[in-house]
Amino acid sequence: MPTPASDLVTLGHRIRHFRSERALTLDQLGEQVGLAASQLSLIENGRREPKLSVLQQLAQALGVPLADLLSGEAPNTRAALEIELARAQKNPLYGALGLPQVKVTKGMPLPAIESLVGLHRELARRASEAIATPEEARRANTELRERMRERGNYMPDIEKLAEERVRASGHVSGALTHREVSVMAEQLGFTLIYVNDLPHSTRSVTDLANHRIYLPPASIPGGHGLRSMALQAMGHRLLGHERPASYAEFLWQRLEINYFAACCLMPLEATRTFLQNAKRERVLSVEDLRDAFGVTHEAAALRLTNLATTHLDMTVHFLRVTGDGALQKGYENDGLPLPADVTGSIEGQLVCKQWSARSAFTHTNRTTEFYQYTDTPAGTFWCATQTGSTSDGEFSISVGAPFAQAKWFRGRETTQRAVSRCPDESCCRRPSGAVAARWDGQAWPSARLHAHVLSPLPSGTFPGVDDTEVYRFLEEHADQ
Ligand SMILES: [Zn+2]
């Protein structure tokens, strides 16, 4: 019976514990079972695996059932700490530090062992926390975008699932109502409950024991976001999500639930028909899709990218850019040269000042979409940009396509044109001419610290979620 090394340590501690209880020396016990003191010591230190016959003899000599000797539990607190320390010191994480192995002696005070174990625990915690660093998050995000690019931003399985659930709710056409969303939840066996005290780190909380989905108050402005959140929470259940094991899996799940919610709010059949008609009439527009289904401009823009390649035979791009020009989200399968860092990550990169995603901010009439043709080193692109603002500041949402496909869109007749030479820095990043000559060496701006697009995530079972908050919240609500 091969025993794992870690169990040998526990076994050794249990033997020593029972031997000390019976006030036997190594020599005395060794004599009874036919082992030299040195051999018995090796067993007690977990460095030698005793044969079953020896174990039986030891159990007999110590007057305990064999099962007691073999129990996986540490015999007392001190032994538990010693076992934990021995394991921690064998961990590659500690080995990598090149520090000596500390051998615990009988005379070592308990606080010294507690201190060492505490430091090892903290070392392990920091190492696992580092897994969800911004760098890791960015890499996972980039891979995710590549995967979606390969499939034309389209996920047929989720389309089908959403179409079935929406139809089952009794929905016929137009915008999905709050009522239909709660019917969908009921059919899934869940009740939607609106509360004022959701944990700060969550968008919704699902109580799997009592089959409830907690959401922010129904009265918040812009209720369409609320339908989306309820649908996303249902998406987790319908798509069989488990607790994510990695940041990449967390991102993938988030993408899937967002996709599911979008499919419910803008179901495949209805949306495809709507968009195909608009293309035929050459009046494709995000605005119209948004208004027909009562969703946000961003949701409509992304939905257009979902169906464009598979159902409209077009390549497209999507950008969400902040007021200071940083790219928050981006997708393209039409060759638009998105700014990227050396790792291929686009989040937080500055978009060319000439692109409509930025020039739209300088436009005076912002109630309607802003249209522009932009010549880039990768060809000419047509774009429609809508600006908006949140408490975090301004943002713009752009959807566009290569020049040859502009003919299907409303706004194709715009005379607005721009030339972008980015990533060539002389395009819009390096000052030039007389102004540059005048101020070279004479300007000393103090930079504002940019908030990271992807900031470090607190550790926890779900990245970015404070589990203690969530459990406390569920405690308070479960019996209501
Ligand atoms: Zn530029």
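Residues numbered from 1 in each chain as written. Predicted model: local features only at pLDDT ≥ 70, side-chain atom pairs only at ≥ 80, totals over all residues. Heavy atoms only, no water.

*Asks:* Teacher, can you tell me more about the overall build of the chain here?
*Replies:* Counting its secondary structure elements, the chain contains 19 helices and 9 strands. Rg of the C-alpha trace for the chain: 32 Å, well past the compact-globule value of 23 Å for 480 residues, more than 25% over. Judged by the C-alpha coordinates and their principal axes, the chain covers about 100 × 65 × 40 Å. By the burial criterion, 44% of the 480 residues in the chain qualify as buried. In the chain, the proportion of contacts linking residues at least 24 apart, taken out of those at least 6 apart, comes to 62%. Carbon together with sulfur atoms contributes 53% to the accessible area of the chain, which is approximately 25,300 Å² in total. Side chains of the chain carry 52 positive and 55 negative charges; the gap between the two charge centres is 3 Å. (Helix = DSSP H or I, 4+ residues; strand = E, 2+ residues; numbered from the N terminus. Rg over C-alpha atoms; globule rule 2.2 N^0.38 Å. Buried < 20%, exposed > 50% of the residue type's maximum accessible area, 1.4 Å probe, protein only. Contact = heavy atoms within 4.5 Å. Areas by Shrake-Rupley, 256 points an atom, 1.4 Å probe, with all protein chains shown as cover. Lys, Arg positive; Asp, Glu negative; His and termini not counted. Charge placed at Lys NZ, Arg CZ, Asp CG, Glu CD.)

*Asks:* Please clarify how the domain arrangement of the chain should be interpreted in this entry.
*Replies:* Domains assigned within the chain are domain 1 (6–127) and domain 2 (294–428). Using C-alpha coordinates to define each centre, domain 1 is positioned 64 Å away from domain 2. (Domains from an automatic or database assignment.)

*Asks:* What is the right way to look at the packing of helix H14 (residues 268–280) against helix H16 (residues 297–311) in this model?
*Replies:* If you want to describe how two helices pack, look at the angle between their axes and the distance between the axes. For the pair H14 and H16, interaxial distance at closest approach is 11 Å and the crossing angle is 75 degrees. Relative to H16, H14 is oriented roughly perpendicular. Of H16, the residues touching H14 (which contributes Leu268, Thr271, Arg272, Leu275 and Gln276) are Arg303, Leu304, Leu307 and His311. Here the contact of H14 with H16 is composed, by residue class, of 4 nonpolar, 3 polar and 2 charged. (Axes fitted to C-alpha atoms, helices over the stretch in contact; angles between N-to-C directions. Parallel < 35°, antiparallel > 145°, perpendicular 65-115°, else oblique. Nonpolar A, V, L, I, M, F, W, Y, C, P; charged D, E, K, R; others polar.)

*Asks:* What's the story with the sheet that holds strand E2 (residues 205–207) in this structure? I'm lost.
*Replies:* Backbone-to-backbone hydrogen bonds join strands into a sheet, with any given pair of strands oriented parallel or antiparallel. One open sheet holds the 3 strands; their spatial order is E1-E3-E2, and the pairing between them is mixed. Edge strands, defined here as strands with exactly one partner in the open sheet, are strand E1 (191–194) and E2. Mean inter-strand twist for the sheet, computed between neighbouring axes without regard to direction, equals 25 degrees. (Pairing = 2+ DSSP bridges.)

*Asks:* Explanation requested: the sheet that holds strand E8 (residues 393–402) in the structure shown.
*Replies:* On the basis of which strands lie adjacent, the open sheet formed by 6 strands has the order E5-E4-E8-E7-E6-E9 and mixed pairing. Each end of this open sheet is capped by a strand with a single partner; those strands are strand E5 (327–332) and strand E9 (417–419). Put simply, the sheet's adjacent strands are angled 25 degrees from each other on average, direction ignored. As paired strands, strand E7 (residues 379–390) and E8 are joined by 10 bridges and run antiparallel to one another. Across the sheet, Ala384 pairs through a bridge with Val399, a residue of E8.

*Asks:* Would you mind going over the UniProt feature "domain: HTH cro/C1-type" (unreviewed entry) in the chain with me for this structure?
*Replies:* UniProt's entry tags residues 15–69 with the feature "domain: HTH cro/C1-type" (unreviewed entry), counted in the numbering of this structure. Along residues 15–69, the helical share is 69% and the strand share 0%, with 7 Å between the first and last C-alpha atoms. (UniProt positions renumbered as here; feature names shortened; annotations may be inferred.)

*Asks:* Just to check I follow, could you spell out the coordination of the zinc ion for this structure?
*Replies:* Geometrically, a metal with four donors at the corners of a regular tetrahedron has ideal angles of 109.5 degrees, and one with six donors at the corners of a regular octahedron has ideal angles of 90 or 180 degrees. Within the protein, the atoms that donate to the zinc ion are Cys352 (SG), Cys422 (SG), Cys427 (SG) and Cys428 (SG), at distances of 2.1 to 2.4 Å. Classification of the site at the zinc ion rests on its 4 donor atoms, whose angles at the metal span 93 to 115 degrees, yielding the label tetrahedral. Each donor residue of the zinc ion belongs to the same chain, with the gaps between them written as C-x69-C-x4-C-C. The class for Cys428 is buried, based on a relative accessible area of 15%. (Donors = N, O, S within 2.8 Å, 3.2 Å for Na, K, Ca; no water. Tetrahedral: all angles 85-135°; square planar, octahedral: opposite > 155°, others 65-115°.)

*Asks:* Just checking my understanding: could you explain the packing of aromatic side chains for this structure?
*Replies:* Under the counting rule described, the total for this entry stands at 6 aromatic pairs. Each ring, one from Tyr371 and one from Trp382, has its centre 5.7 Å from the other, and the planes form 15 degrees; the classification is stacked. Of this pair, Tyr371 sits in strand E6 (residues 370–376) while Trp382 sits in strand E7; the two residues are 11 residues apart in sequence, bridging distant segments of the chain. The pair Tyr371 / Trp382 is uniform in exposure class, with both members buried. Ring geometry for Tyr373 and Phe403: centres 5.5 Å apart, planes at 50 degrees, overall tilted. Separated by 30 residues along the polypeptide, Tyr373 in strand E6 and Phe403 in the loop between E8 and E9 bring together distant segments of the chain. (Phe/Tyr/Trp six-rings, centres within 6.5 Å; stacked < 30°, edge-to-face > 60°.)

*Asks:* Honestly, the nonpolar core in this entry has me stumped. Any pointers?
*Replies:* The nonpolar side chains of a soluble globular protein tend to be buried with one another. Counting residues in each nonpolar core, the largest one holds 65 residues, and the members touching the most others are Leu176, Met184, Leu231, Met234, Cys264 and Leu304. It is helix H13 (residues 247–265) that provides the largest number of residues to this core, a total of 12 residues. Counting residues in hydrophobic clusters, the runner-up holds 17 residues, among them Phe18, Leu24, Leu35 and Leu62. (Core = buried A, V, L, I, M, F, W, Y, C linked by side-chain atoms within 4.5 Å.)

*Asks:* Looking at this structure, I do not really get unusual backbone geometry. What am I missing?
*Replies:* Leaving glycine out, the prevailing phi sign among residues is negative, and the prevailing peptide bond configuration is trans. Looking along the chain, the bond that leaves Cys422 and enters Pro423 is cis, with omega of 10 degrees. Along the polypeptide, Pro423 turns up in the loop between E9 and helix H18 (433–439). Phi at His211 is positive, roughly 55 degrees, even though this residue is not glycine. Despite not being glycine, Asp313 shows a phi value in the positive range, around 60 degrees. In this fold, Asp313 is placed in the loop between H16 and strand E4 (317–322). We classify Asp313 as exposed; its relative accessible area is 68%.

*Asks:* Which parts of the structure should I look at to understand the pairing of E7?
*Replies:* Looking along a regular strand, one sees side chains alternate from face to face of the sheet. As paired strands, E6 and E7 are joined by 7 bridges and run antiparallel to one another. By the bridge assignment for E7, Thr376 is matched with Gly379. Counting the residues that bridge the hairpin from E6 to E7 gives 2 residues. From the end of E7 to the start of E8, which pair antiparallel, there are 2 residues.

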